[in-house]
Amino acid sequence: MAKYFRWNPARESDSQYSGSVTKRFLKLDNKPNRKTETSKYYKVDEPASGSYCLVHQDKSTEKPKKLGPISDEDFINTLVKFTNRSTKRNHCLSEWYCMRTGSARFTMPLGGYLWKVASGTTSLYESSAGTPYGANKSAYAGELFFATEGSTSTSTRTPLHVLRDGDTGSMVPKSLAGTQFGFYTSRYSGSNIAIYSIYDDCKVTYGETGSNSGGYENIFAYPVESLSAGDVFTKSLPTETTRVMIQSTHDIIVSVEQSGGGDRMMVAPASQYMYTRRSTTKGEFTTGSNATHSNNMVVYSTNSGEKVWAIEIGDGSGGDCTLGLGIEYLSNTFTYGGVLSDYAIIAPFGETNVTVKYHGKTNGNAEAWSTLKTHTIGSNLTNGPTTPAGRFEDGGGNGGDSHADYDDGGGGGISHFASDADMWWFESDKPVYVCINSVGGDEESLLGWMRRSSRNDIWLTKNDEVRDYIITPDEDLFLIE
């Protein structure tokens, strides 16, 4: 029997057709009583016995899209290859939006052409064909940046990472988009939030709980904001110690800085599994309760299926904080353009092999990357996404499998790796979470990409693992079987 799906990012009910809210879709089990052009429901035929269909979002049209039918034999290969190409896992191939004006470090580890979009005009900002590039460049609020392999703006994308030391939330990639966000603040006065809308007709609801408790259902809500694609909304919230919750009807990206000048960060969307490097302040998005830690490396809700947020504040140095990162946003390759004092790697997908490399010089040098360390993290998958393993290292020679085994402060007393090398590359055979301290000692969750040579790699081995690690946590995926 066919199913009918409608894209529903606002998670609204449908009284006219009695469609059931299913993740970010509306689902009907029977044909709607009007044509699909009117009802906006799209038919997906139920696959034959032993086969599957994946319903997902078409990012260009905002309509449901079908992948399949998929045979049982091809299930793992098809779904893992699909997620390898997901926008959510390929941040460094995305466009980076500048939320606040200032100088930022632009890193193209494979070289390429850096492009800037300002006032609707795309122009070449820097070029370094075939040679790794890293430099501080000006970025003004409202500008977009991306990198390509070739010398035209329509060429194939190449990895670009952008980070401003002292304001790690000023540059946010569009790939870090979602519709539900939460964070906690406890210092530096109230919060200045900045919200960029990716789509038209976006309505944003936001507010504070007034304390370190509660969730979205407990906020003192401000008036709803209506945004068009490309609009930026900024708002100063007055309360210093509070939880802030944001929900939108279409995808947005979010950044925050405190009025007193600290705790600047990009805000990651809430997720069923939020990975962190240490104990955090945390909460379930809706109620604020029921969030728990496992080994201080992952936050999840004791209510199955509910989304959570998690934030690290105050590691002993620097003035910024960072959020954890959801399982659907993890990648297998990362770059960072600055001296490095420490790193933490959290591996949710069982035994994971990681290589950490550095480049001797940033510009004009084609020498090979040098390996700093290799790590094998974790063991076989046993209890799902709530049992990750970790590796923690600092430049002083400390390291181990626990957060207590290294110095995560990033202060001036910590040595830098590899004689102050300032271009870094983390490469793993499965998606991981990586957290570092920036040059200024600010903790930062690195955003990466799935390197091209790994796009066809299969890093899960069982159908149930694909369901548990890929399909169930991602609100933009629905499996018909």
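## Some words on the overall build of the protein chain
Of the regular secondary structure elements, the protein chain holds three helices and 38 strands. Taken against the 2.2 N^0.38 rule, which gives 23 Å for 481 residues, the C-alpha radius of gyration of the protein chain at 22 Å falls within 12% of a compact globule. Seen through its C-alpha atoms, the protein chain measures out along the principal axes to roughly 70 × 50 × 45 Å. Looking at the protein chain residue by residue over its 481 residues, the buried ones come to 58%. Accessible surface, the protein chain as shown: approximately 17,800 Å² in total, 42% of it carbon and sulfur. Distance between charge centroids for the protein chain: 6 Å, based on 45 positive and 57 negative side chains.

## Considerations on the pairing of strand β8 (residues 102-108)
Extensive coverage of β8 is indicated by the burial of five of its seven residues. Pairing between β8 and strand β11 (residues 133-139): seven bridges, direction antiparallel. Each bridged residue has a counterpart across the sheet, and for F106 the counterpart in β11 is A135. Judged from the three bridges that link them, β8 and strand β13 (residues 161-163) form a sheet pairing that is antiparallel. Looking at β13, one finds that T107 is bridged to H161.

## Section: the environment of P47
As for its position among the elements, P47 is in the loop between β4 (42-44) and β5 (51-58). Sequence separation between P47 and S71 is 24 residues, and the spatial gap between their C-alpha atoms is 9.1 Å. In this view, P47 contacts Y52, C53, P69 and I480; residues no more than four positions away in its chain are not counted.

## What to know about the pairing of strand β15 (residues 178-185)
The buried count for β15 comes to eight of eight residues, which makes it a mostly enclosed element. Inspection of the sheet shows β15 paired to strand β21 (residues 242-258) by seven bridges, in the antiparallel sense. Its bridge partner being in β21, F181 is matched across the sheet by I246.

## Points about the side chain of H161
Along the polypeptide, H161 turns up in strand β13. For H161, a relative accessible area of 2% translates into the label buried. Not counting residues up to four positions away in its chain, the partners in contact with H161 are C92, W96, R105, F106, T107, T335, L446 and L447.

## Re helix α3 (residues 463-471)
In terms of burial, α3 is a largely internal element, seven of the nine residues being buried. When α3 is considered as a whole, its buried residues turn out to be N463, E465, V466, R467, Y469, I470 and I471. Those residues of α3 that are buried are in contact with β5, α2 (75-84) and β38 (477-480).

## Quick notes on the pattern of salt bridges
Following the criterion strictly, the structure yields 30 salt bridges and no others. Here R452 ties to E149 by a salt bridge, and the two come within 2.6 Å at their closest N and O atoms. A residue pair is termed long-range when its members are at least 10 positions apart, and R452 in the loop between β37 (443-445) and α3 and E149 in the loop between β12 (144-148) and β13 qualify at 303 residues. Three or more residues are tied together by salt bridges with common partners; here these are R11, R24, K88, D251, K307, D474, E475 and D476.

## Here we look at the confidence of the model for the protein chain
Low pLDDT marks regions whose predicted coordinates should not be analysed in detail. Model confidence for the protein chain is summarised by a mean pLDDT of 90, while 95% of its residues fall at 70 or above. Ranking the elements of the protein chain by mean pLDDT puts helix α1 (residues 36-39) last, at 64, and β12 first, at 98.

## A word on unusual backbone geometry
The omega angle of the peptide bond from G68 to P69 is 10 degrees, so this bond is cis rather than trans. Along the chain, the position of P69 falls in strand β6 (residues 63-71). We note that S119 has phi near 55 degrees; this positive angle belongs to a residue other than glycine. Take S119: it is sitting in the loop between β9 (112-118) and β10 (121-128). Judged by relative accessible area, which is 81%, S119 ranks as exposed. Positive phi, close to 55 degrees, is recorded for N295, a residue that is not glycine. Assignment of secondary structure puts N295 in the loop between β25 (291-294) and β26 (298-301). Overall, N295 belongs to the exposed group, its relative accessible area being 55%.

## Things to note about the sheet that holds strand β24 (residues 281-284)
Whenever strands of a sheet pair, they do so through backbone hydrogen bonds, lying parallel or antiparallel. Here three strands make up an open sheet; going across it, the order is β24-β27-β28 and the pairing antiparallel. Both edges of this open sheet fall to β24 and β28 (322-323), since each of them pairs with a single strand only. Sheet topology places strand β27 (residues 308-312) next to β28; two bridges connect them, and they run antiparallel. For E312, the partnering residue across the bridge sits in β28 and is T322.

The rules behind these values
Residues numbered from 1 in each chain as written. Predicted model: local features only at pLDDT ≥ 70, side-chain atom pairs only at ≥ 80, totals over all residues. Heavy atoms only, no water. Helix = DSSP H or I, 4+ residues; strand = E, 2+ residues; numbered from the N terminus. Rg over C-alpha atoms; globule rule 2.2 N^0.38 Å. Buried < 20%, exposed > 50% of the residue type's maximum accessible area, 1.4 Å probe, protein only. Areas by Shrake-Rupley, 256 points an atom, 1.4 Å probe, with all protein chains shown as cover. Lys, Arg positive; Asp, Glu negative; His and termini not counted. Charge placed at Lys NZ, Arg CZ, Asp CG, Glu CD. Pairing = 2+ DSSP bridges. Contact = heavy atoms within 4.5 Å. Salt bridge = Lys/Arg side-chain N within 4 Å of Asp/Glu carboxyl O. pLDDT = per-residue confidence, 0-100.

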